[in-house]
Amino acid sequence: LSCTMMSAQARGVSSAARVSARVARPSSSARRFSSSRSSPATRASSNTTLPIDLRGKKAFIAGIADDQGYGWAIAKSLAQAGCEIILGTWVPALNIFETSLRRGKFDESRKLSDGSLMEFAAIYPMDAVYDTPEDVPADVAENKRYVAYPGFTVSECADKVKADFGTVDIVVHSLANGPEVAKPLLETSRGGYLAAVSASSYSMVSMAQRFTPIMNPGGSIISLTYLAAERVVPGYGGGMSSAKAALEADTRVLAWEAGQKYGVRVNTISAGPLGSRAAKAIGFIGTMIDYSEQNAPAPKGLTASEVGDVACFLSSPLASACTGLTMYVDNGLNCMAVAPSVGLKALQPEA
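Let me begin by describing the structure that accompanies this report. Since the structure is predicted, the reported quantities are computational estimates derived from the model, not experimental observations. (Residues numbered from 1 in each chain as written. Predicted model: local features only at pLDDT ≥ 70, side-chain atom pairs only at ≥ 80, totals over all residues. Heavy atoms only, no water.)

## A closer look at the pattern of salt bridges
Reasoning step 1: This structure, assessed with the given rule, holds 6 salt bridges.
Reasoning step 2: A salt bridge links Arg110 to Asp107; its shortest N-O distance comes to 3.1 Å. Here Arg110 pairs with Asp107, and both are found in helix H4 (residues 107-110), just 3 residues apart, close to one helical turn.
Reasoning step 3: Note on Arg110: relative accessible area 0%, which makes it buried.
Reasoning step 4: Lys111 is the salt-bridge partner of Glu108, the closest N and O atoms lying 3.3 Å from each other. (Salt bridge = Lys/Arg side-chain N within 4 Å of Asp/Glu carboxyl O. Helix = DSSP H or I, 4+ residues; strand = E, 2+ residues; numbered from the N terminus. Buried < 20%, exposed > 50% of the residue type's maximum accessible area, 1.4 Å probe, protein only.)

## As for helix H10 (residues 285-295)
Reasoning step 1: Residues Ile285, Met288, Ser292 and Asn295 constitute the buried set of H10. Angular distribution of buried residues about the axis of H10 spans 115°; they occupy a single face of the element. Exposed positions of H10 whose direction lies more than 90 degrees from the buried face are Thr287 and Gln294. (Arc of directions from axis to C-beta.)

## Let's talk about helix H9 (residues 240-262)
Reasoning step 1: Along H9, the helix axis deviates most sharply at Leu254, where the bend reaches about 25°.
Reasoning step 2: When H9 is considered as a whole, its buried residues turn out to be Met240, Ala243, Lys244, Leu247, Glu248, Thr251, Leu254, Ala255 and Ala258.
Reasoning step 3: On its buried face, H9 sits against helix H8 (190-211), strand E5 (215-225), strand E6 (265-271) and strand E7 (326-329).
Reasoning step 4: Where H9 ends, the next residue or the one after it, Gly263, has phi of about 70°, a positive value. (Bend = angle between axes of the 7 residues up to and from the residue. Contact = heavy atoms within 4.5 Å.)

## With respect to the sheet that holds E7
Reasoning step 1: Strand order in the open sheet formed by 7 strands is E3-E2-E1-E4-E5-E6-E7, with parallel pairing between adjacent strands. Each edge of the sheet is formed by a strand with only one pairing partner; in this case those strands are strand E3 (122-125) and E7. For this sheet, the mean inter-axis angle between neighbouring strands, taken without regard to orientation, is 20°.
Reasoning step 2: Pairing of strand E1 (residues 58-62) with strand E4 (residues 168-173) involves 4 bridges; the strand directions are parallel. When the bridges of E4 are listed, Phe60 appears paired with Val171.
Reasoning step 3: Set on the sheet, helix H2 (residues 70-80) makes contact with E1, strand E2 (84-89), E4, E5 and E6; between it and E1 the angle comes to about 175°. (Pairing = 2+ DSSP bridges. Axes fitted to C-alpha atoms, helices over the stretch in contact; angles between N-to-C directions.)

Here's what the structure looks like:
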């Protein structure tokens, strides 16, 4: 539930910091999702498999601060498909993230199917609650962590990406924050409520405003939402359920507007609970995961890679007719009205 981004000047590499731990790019065949699956040689040679091939595409992903969340999984799936990955990282988390990356702490998580490591073409600082430099309060602008990474607003980040890469094809909004998420809505302050909406939903609108002009036609914007947008999840408070509902409504409106003006598709993924470092701020994420595993139609754990793969599909030409969607990736929990662990016993006829 954190927004994550980084500054270039501190590394002295134009306006973007280049990841120092580089590896040779994998061969094109290793970067494809298609595989022979022990198919006959004749079938393999005829190339009848259906690949997700994103070679030559560029993705900007906002919200990665470690290797545990859905944002990282989306980046890895896109990289596996051959996409070039550009990150925007929350300023307070940037130094730790880059240091961990440089020291190899994420190397195991960076491994692709051929054993090579996922690369990041650039990492920019970005704090998505600030649209322009004029929006930054004096205390934030003077904070030493922000002083070290100037140019962190959404508009400045988009300008840097344009200057360094020209255009992008995919934009991923993988960030949220609710300072009062542990409070019931009845106890949430106006400030806490508006902060949740600002960081978790309007930030996606702001990114769409600034990035769609530099996106190629046929591009894709993806965000992450949660079932609490439309169902009651006790304990998911502080205005976060309202923020996710706004995010889903904005997805539909932006799908129309961005599609008509720029030829860009906009979708959101309603992902099931994941025990990431950021999600632990909710306080009962373990209970949510257990409940989902026990009561979802597909009785299994949900992995981050499953969400990443769906995001990869939505970013590909295979999903060219998919826009304005809330795509559920939660083992089917969204379709349940009564929890089997409770409801079925009550519904069974007496002997």
